[in-house]
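Residues per chain, in single letters:
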Amino acid sequence: MCEKTIKGSEALLESLLNEGVSTIFGYPGGQAVPIYDALYDYKDRLNHVLVRHEQGATHAAEGYARVSGKVGVCIVTSGPGVANTVTGIADAMMDSTPIVVIAGQVAANLLGTDAFQEVDVIGVTQPITKWSYQVRTADEIPQAVARAFYIASTGRPGPVVLDITKNAQVGQTVYKSVTINHIRSYIPVPEMNSEKIAEAAELLNNAKKPFALVGQGVILGNAEPELLDFLRKADIPAASTILGLSVLPSDEPLNMGMLGMHGNVAPNLKTNECDVLVAIGMRFNDRVTGDLNTYARQAKIIHFDVDPSEINKNVTVDIAILGDVKTTLPSVTQLLNKNNHKVWIDEFRDLKSKETEQIINREIFPTEGALTMGEVVHRISEATKQKAVLVTDVGQNQMMSLRYFKYSRTRSVITSGGAGTMGYGLPAAIGAKFGAPDRMVCLFTGDGGLQMTIQELGTIMQYNVDVKIILLNNGYLGMVRQWQELFWQERYSETGMKNPDFVKIAAAYNIPARCVTRREDLDDAIGEMLKLRGSYLLEVRVEPKGMVYPMTPAGAKITDIIWKR
């Protein structure tokens, strides 16, 4: 390997190239100027996307990572710059999204002096990262970058922060590329236990009512084919967490829908009726389990996971299978008997028919009244032939989109799960388009969430990012308003919103836009949006007080489902 003497800022960019990085999201500032000066000479090898806010940089990196399977990267400056990334870092930690946040920092001799724009980055971010490290010399940079990417991308993925002092950026170093595939004391993938594999297979071979709960761990482990083989051989019905959606095609016969507070009726009810519950790459979040004291008490539970800390954290399990799901799942599958659970599966389908009649059809095929969120989502899903990437913001728009958008391939759902971050949608959609330039990206957002990061329309304008923005405008912070209606005696405290003219705002950013208020105009507007190359904002004025049903109240039994008020 040829060695060369270069500045630390150049060593940083060379190290990023060595990790296969091609796209960076960022925002320059005083303590990151050396990095951006070096970037000037790397424009032909590194595509830098100038966002309009550092929070947008982290969410864009998340969207890029989620759709591409690569590590998302963003670069920011010190002080308020890196402080603005905290929301995105926390979001990535909750949702196991691999991103590397690189922050400029004041010179090492000024650390601890309250220098201009100095923030204790390590102290702030350490609780919400897999690893957070301060680089104080140029010589450390190649090793730190290689370590950061290895930690972010292996085992259970997550965010890493590198805080690089200004003297490290401008100092000279003899650069040599570094590759890391092992760190002492860090075990990203636990060793598989063959005895547990055999126990799980025996339990499933004797099960009468098995049920699988599938999470994002299957997607992160690239184990979608292995999951299908497992489910089909044993004839096991399955449902997904919101982050696990699209791991199974929407039309897969064993796919019973979505779990959770606003999930489908059958999966939630049948969780408390199955005899063997198989959790695969999911973490038993409270929005899935409801009241833990009444959750799946009748079932034997098998838990597949790469992260030992998730075992027995919320739900005590009978068999824990640690390891890479791409290896552990087929190890169980080969020991399974070919099975048939038609009678059990028909029970799911009966409940699905009931939900379709009482909730779904009324939401997506209304015959009168204002436009509904569900019908807008359904019509766009049909128009895109179930091939688009769905990106959502958070709230009612999120739950309606996740319920009624359909998928034919994996990595088709980009949403904020654990943190529930409003404002996530627009920058994440931008990142998703850079991560999958050949795929259509449809963002569903609400009037509240859009305005939290609306400045990223400037990023779309500058780079002509082809994102279809569907604004489901009900004039409320809809999900909070729904809770106020159901549980707080309709005391609508500070949830009504007086909104701007979003079409005019889009026009200011040279983004074509249209506002639809009538049902008879919807299909024409959708066709116009999808036909046009480039970004588009479709604002749809939906019913102001629409509700997302079904709903299981927070902390209630998962069988305490509200079908309709």
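Our structure's up above, just so we're on the same page.
The rules behind each value
- Residues numbered from 1 in each chain as written.
- Predicted model: local features only at pLDDT ≥ 70, side-chain atom pairs only at ≥ 80, totals over all residues.
- Heavy atoms only, no water.
- Axes fitted to C-alpha atoms, helices over the stretch in contact; angles between N-to-C directions.
- Helix = DSSP H or I, 4+ residues; strand = E, 2+ residues; numbered from the N terminus.
- Parallel < 35°, antiparallel > 145°, perpendicular 65-115°, else oblique.
- Left-handed = near helix turned anticlockwise from the far one by under 90°.
- Contact = heavy atoms within 4.5 Å.
- Pairing = 2+ DSSP bridges.
- Buried < 20%, exposed > 50% of the residue type's maximum accessible area, 1.4 Å probe, protein only.
- Phe/Tyr/Trp six-rings, centres within 6.5 Å; stacked < 30°, edge-to-face > 60°.
- Polar contact = N/O pair within 3.5 Å; in protein donor to acceptor, adjacent residues only side chain to side chain.
- Core = buried A, V, L, I, M, F, W, Y, C linked by side-chain atoms within 4.5 Å.
- Right-handed = clockwise from strand over helix to strand, strands pointing away.
- Expected span 1.5 Å × (residues − 1).
- Arc of directions from axis to C-beta.

Enquirer: It is not clear to me how the packing of helix α16 (residues 373-383) against helix α17 (residues 396-404) should be interpreted in this structure. Could you clarify?
Expert: Between two packed helices, what matters for the description is the angle formed by their axes and the separation of those axes. Between α16 and α17, the shortest axis-to-axis distance is 9 Å and the interhelical angle comes to 45 degrees. Relative to α17, α16 is oriented oblique. With respect to the hand of their crossing, α16 and α17 are arranged in right-handed fashion. Counted together, M373, G374, V377, H378 and S381 of α16 and Q396, N397, M400, S401 and Y404 of α17 form the full contact between these two elements.

Enquirer: Just to check I follow, could you spell out the sheet that holds strand β4 (residues 72-76) for this structure?
Expert: The strands making up a sheet are joined through hydrogen bonds of the backbone, oriented either antiparallel or parallel. Spatially, β3-β2-β4-β5-β7-β6 is the arrangement adopted by the six strands of the open sheet, whose pairing is parallel. Two strands close off the open sheet at either side, each with one partner strand: β3 (47-50) and β6 (131-135). Between one strand and the next, the sheet's axes are offset by a mean angle of 20 degrees, whatever the strand orientation. As paired strands, strand β2 (residues 23-26) and β3 are joined by four bridges and run parallel to one another. When the sheet's bridge partners are listed, I24 is paired in β3 with H48. Contacting β5 (99-105) and β7 (159-165), helix α5 (residues 86-94) crosses the sheet at an angle of about 145 degrees to β7.

Enquirer: I tried to follow unusual backbone geometry on my own but got confused; where do I start?
Expert: Among all residues save glycine, negative phi is the norm, and among peptide bonds the norm is trans. Omega for the peptide link from Y549 to P550 comes to -5 degrees, which places this bond in the cis form. The topology assignment puts P550 in the segment after β20 (536-541). Located in the positive-phi region is D235, a residue other than glycine, with phi close to 55 degrees. Residue placement: D235 occurs in the loop between α11 (224-234) and β10 (238-240). The class of D235 is buried, set by a relative accessible area of 16%. With a phi close to 55 degrees, F284 is a non-glycine residue in the positive phi region. Among the structural elements, F284 can be located in the loop between β12 (276-280) and α13 (286-289). Under the relative-accessibility criterion, F284 is labelled buried at 2%.

Enquirer: Explain the sheet that holds strand β16 (residues 413-414) to me, please; I cannot follow it from the model alone.
Expert: Taken in spatial order, the six strands line up as β16-β15-β17-β18-β20-β19 in an open sheet, and their pairing is parallel. In this open sheet, the two edge strands, each paired with only one partner strand, are β16 and β19 (513-516). Here strand β18 (residues 467-473) runs beside β20; their pairing, made up of six bridges, is parallel. If you follow K468 over to β20, its bridge partner there is Y536. Contacts from α16 reach β17 (441-446), β18 and β20 within the one sheet, and its direction differs from that of β18 by about 160 degrees. Packed onto the sheet, α17 meets β15 (389-392), β16, β17 and β18 and runs at close to 160 degrees relative to β15.

Enquirer: Help me understand the packing of aromatic side chains in this model?
Expert: Two aromatic rings are characterised by how far apart their centres lie and by the angle between their planes. As enumerated under the stated definition, the model contains 13 aromatic pairs in all. Judged by centre distance (5.8 Å) and plane angle (65 degrees), the rings of F405 and F444 are edge-to-face. Of this pair, F405 sits in the loop between α17 and β16 while F444 sits in strand β17, and the two are 39 residues apart along the sequence. Neither residue differs from the other here; F405 and F444 are each classed as buried.

Enquirer: I keep staring at the environment of S381 and nothing clicks. Help me out?
Expert: Following the sequence through the fold, S381 ends up in helix α16. As for S381 and A525, which are separated by 144 residues in sequence, their C-alpha atoms are 14 Å apart. Contacts of S381, omitting those with residues within four sequence positions, involve Q386, Y404, F405 and K406.

Enquirer: How should the environment of A65 be read in this particular structure?
Expert: Assignment of secondary structure puts A65 in helix α3 (residues 54-68). The buried category is assigned to A65, whose relative accessible area is 2%. Note: C-alpha distance between A65 and A238 (173 residues apart in sequence) is 26 Å. Aside from chain neighbours lying at most four places away, what touches A65 is K70, G72, T97, P98 and R411.

Enquirer: Is there a simple way to explain the side chain of T495 in this structure?
Expert: Relative to the assigned elements, T495 resides in the loop between α21 (478-487) and α22 (502-508). You can call T495 buried: its relative accessible area is 1%. Side-chain polar atoms of T495 contact the side chain of Q484, separated by 2.9 Å. Apart from residues lying up to four places away in sequence, T495 is in contact with G475, Y476, L477, V480, R481 and Q484.

Enquirer: How should I be thinking about the nonpolar core in this particular structure?
Expert: Where a protein is soluble and globular, its nonpolar side chains tend to be buried together. If you look at the biggest cluster of nonpolar residues, it comprises 98 residues, and the most contacted ones within it are F230, L277, I280, F284 and V332. By residue number, the principal contributor to this core is helix α15 (residues 342-364), which donates seven residues. Those residues in contact with L277 that lie beyond four places of it in its chain are F211, L213, T271, F284, Y295, A296, A299, K300, I301 and I302. In this structure, L16, Y36, V135 and L162 belong to the second largest nonpolar core, which totals 37 residues.

Enquirer: Explain the pairing of β2 here, please?
Expert: Sheet faces and side chains relate simply in a regular strand, where the side chains alternate between the two faces. Because side chains alternate across β2, one face comprises the buried residues T23 and F25, and the other comprises I24 and G26, equally buried. This β-α-β element, β2 to helix α2 (residues 33-39) to β3, shows right-handed connectivity. Both β2 and β4 contribute to a ladder of two bridges, which runs parallel. Looking at β4, one finds that G26 is bridged to I75.

Enquirer: Before we go on, may I ask you to explain helix α7 (residues 141-153) in this structure?
Expert: The periodicity of an α-helix, 3.6 residues per turn, causes residues three or four positions apart to be oriented the same way. The terminal C-alpha atoms of α7 lie 18 Å apart, and with 13 residues this matches the ideal 18 Å at 1.5 Å per residue to within 8%. Here α7 lies mainly inside the structure; ten of its 13 residues are buried. Among all positions of α7, only I141, P142, A144, V145, A146, A148, F149, Y150, I151 and A152 are buried. Looking one or two residues past α7, G155 carries a phi angle of roughly 60 degrees, positive in sign.

Enquirer: Teacher, can you tell me more about helix α23 (residues 522-531) here?
Expert: Turning to α23, its buried residues number three or more, namely L522, A525, I526, M529 and L530. Looking down the long axis of α23, one finds its buried residues gathered within 130 degrees of arc, a one-sided arrangement. Its buried side turned inward, α23 meets α16, β18, β19 and β20.

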